[in-house]
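Coordinate inspection notes
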Amino acid sequence: MSTVRERSVPREAARRRPATLAGSPRGPGGAGRGTPWPYLLIAPAVLGMLYLLLYPLGRALLISVQDFRLRQLILGDAEFVGLRNYRTLLGDPEFWEVVRRTFVFMAVCVVAIMVLSTLVALMTERVGRVARTVVLSSLVLVWAVPVVAATTVFQWLFHSEFGIVNETLTGLGLGLDSYEGYTWFAHGGTAFAIVVVLIVWQSVPFAAITLYSALVTVPAELYESARMDGAGGTRVFRSVTFPLIRPIFMLVLSLEVIWTFKAFVQIWVMTRGGPGEATTILPVYAVQTALSGQRYDLGSAASMLTVLLMSGVLVLYFRQLFRQEGEQL
């Protein structure tokens with residue numbers, strides 16, 4: 001009897017122990033079950049994020065369907081007009097010209113950013129430790145420069161009287177004397193090119209560092225096997241490197257699309273969309289429409305159309321990406 005009793009006690013204790021550890025709210029596995037504390041702890045951050053992100057979007061959407069001008073801004077008696085503001089914009093040829101210019105600007109910037117950042121990342125991977133440290137440090141320093149400060153520097157670089165670009169071109173003596181006192185920002189093509197160079201210069205550091213971080217994860221054995229099979233540098237990149245870093249590459253690509261699509265500060269500080277409308281893209285057009293004639297309703301409608309266009313581009317991109325991943329699986 002004593003033996004049976006001694007054996008039954010551990011078995012009964014073993015049955016109770018899992019219930020205490022896993023099922024009881026006091027155990028490690030159920031410490032937060034049935035209690036509101038986890039939700040209360042994250043509630044301030046979630047509410048703050050919703051307020052900062054959703055409220056401006058909702059407010060802009062509301063203004064875009066109202067007759068909202070300076071009077072309505074002061075008195076607050078805006079009238080609901082439905083989709084009238086959207087019909088006005090969609091029927092304006094100037095709006096579609098801005099849309100075309102925005103996509104051209106985005107395509108040129110994104111292609112230049114991805115090509116240059118990929119080359120810089122590949123170069124950084126192959127140089128020595130000292131050179132790699134110098135390159136990465138330089139990229140971080142460029143990335144850390146504030147947007148307005150970098151834009152101001154570019155304004156001075158291409159200044160017609162005191163700019164170092166004109167001074168350098170005229171000092172070369174290769175028939176470039178016509179660039180003495182050349183007003184870069186008075187010509188649409190040159191102003192557009194300067195803005196593109198500025199956006200690319202600011203974007204390459206982030207993309208290059210991210211791609212370099214992906215490159216260092218590629219196993220060296222794959223490179224050795226490819227070289228033993230007689231593959232050259234281009235074939236190695238196409239068949240070994242790019243397939244492995246493709247998810248990171250596509251992520252950087254989508255981020256750069258968003259970054260260039262909503263570029264506003266650089267253009268507004270440097271050219272304010274000029275000369276004429278040579279550098280006016282959708283975000284600049286929305287601000288100009290809202291401020292020029294106090295047409296805040298049309299400006300909000302242009303902002304919402306910008307969000308829709310950018311979302312459509314990203315949806316098509318991710319749909320294609322998921323389709324390719326499904327085919328690979």
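Residues numbered from 1 in each chain as written. Predicted model: local features only at pLDDT ≥ 70, side-chain atom pairs only at ≥ 80, totals over all residues. Heavy atoms only, no water.

With that settled, the discussion passes to helix α13 (residues 282-292). For α13, the complete set of buried residues consists of L282, P283, V284, Y285, A286, T289 and A290. Residue Q294 follows α13 closely and has a positive phi angle near 55°. (Buried < 20%, exposed > 50% of the residue type's maximum accessible area, 1.4 Å probe, protein only. Helix = DSSP H or I, 4+ residues; strand = E, 2+ residues; numbered from the N terminus.)

Here helix α9 (residues 188-215) contains 28 residues, and its C-alpha end-to-end distance of 39 Å stays within 8% of the 40 Å for a straight helix at 1.5 Å per residue. By the largest-angle criterion, V204 marks the main kink of α9, which is about 35°, and a proline, P205, follows within four residues. Burial within α9 is extensive, with 20 of its 28 residues counted as buried. (Expected span 1.5 Å × (residues − 1). Bend = angle between axes of the 7 residues up to and from the residue.)

Our focus in this paragraph is the layout of surface pockets. By volume, the largest pocket amounts to about 490 Å³. Forming the boundary of the largest pocket are 20 residues, of which L57, A60, S303, M304 and V307 lie nearest the centre. Within the residue set of the lining of the largest pocket, elements represented by two or more residues are α2 (37-64), α11 (233-261), α13 and α14 (296-328). Counting residues per element, the lining of the largest pocket draws most heavily on α2, at seven residues. Residues belonging to the lining of the largest pocket are distributed by class as follows: 15 nonpolar, three polar and two charged. For the second largest pocket, the full set of lining residues is V142, W143, V145, V147, Q202, S203, F206, L255, E256 and W259. The set of elements that each furnish at least two residues to the lining of the second largest pocket consists of α6 (129-144), α9 and α11. (1 Å grid on protein atoms, 1.4 Å probe; cavity = no way out; pocket = protein on both sides within 12 Å on 5 of 7 lines; lining within 4 Å. Points joined across faces, edges and corners; volume = space filled by probe spheres on them. Nonpolar A, V, L, I, M, F, W, Y, C, P; charged D, E, K, R; others polar.)

The next thing to look at is the nonpolar core. Core analysis: the largest hydrophobic core is formed by 67 residues, its most contacted members being L89, F95, F105 and M114. Setting aside its immediate chain neighbours within four residues, L89 contacts F95, Y285, L298, A301, A302 and L305. (Core = buried A, V, L, I, M, F, W, Y, C linked by side-chain atoms within 4.5 Å. Contact = heavy atoms within 4.5 Å.)

Along the chain, L222 falls in helix α10 (residues 220-228). The partly exposed category is assigned to L222, whose relative accessible area is 38%. Sequence spacing of L222 and V240 is 18 residues, and the spatial spacing of their C-alpha atoms is 7.1 Å. Excluding residues within four positions of it along the chain, L222 makes contact with V240 and L244.

Time to look at empty space enclosed by the protein. Evaluated as defined, the whole model comprises one cavity of 30 Å³ or more. Quantified by volume, the largest cavity comes out at close to 30 Å³. A per-class count over the lining of the largest cavity returns seven nonpolar, one polar and no charged.

Under the counting rule described, the total for this entry stands at 16 aromatic pairs. Relative to F192, the ring of F105 lies with its centre 5.8 Å away and its plane at 80°, an arrangement referred to as edge-to-face. Here F192 lies in helix α9 and F105 lies in helix α5 (residues 93-126), a separation of 87 residues in the sequence. Here F105 falls in the buried class, since its relative accessible area comes to 1%. Among the aromatic residues, ring-to-ring pairing joins F154, F158, Y179, Y182, W184 and W201 into one connected group. (Phe/Tyr/Trp six-rings, centres within 6.5 Å; stacked < 30°, edge-to-face > 60°.)

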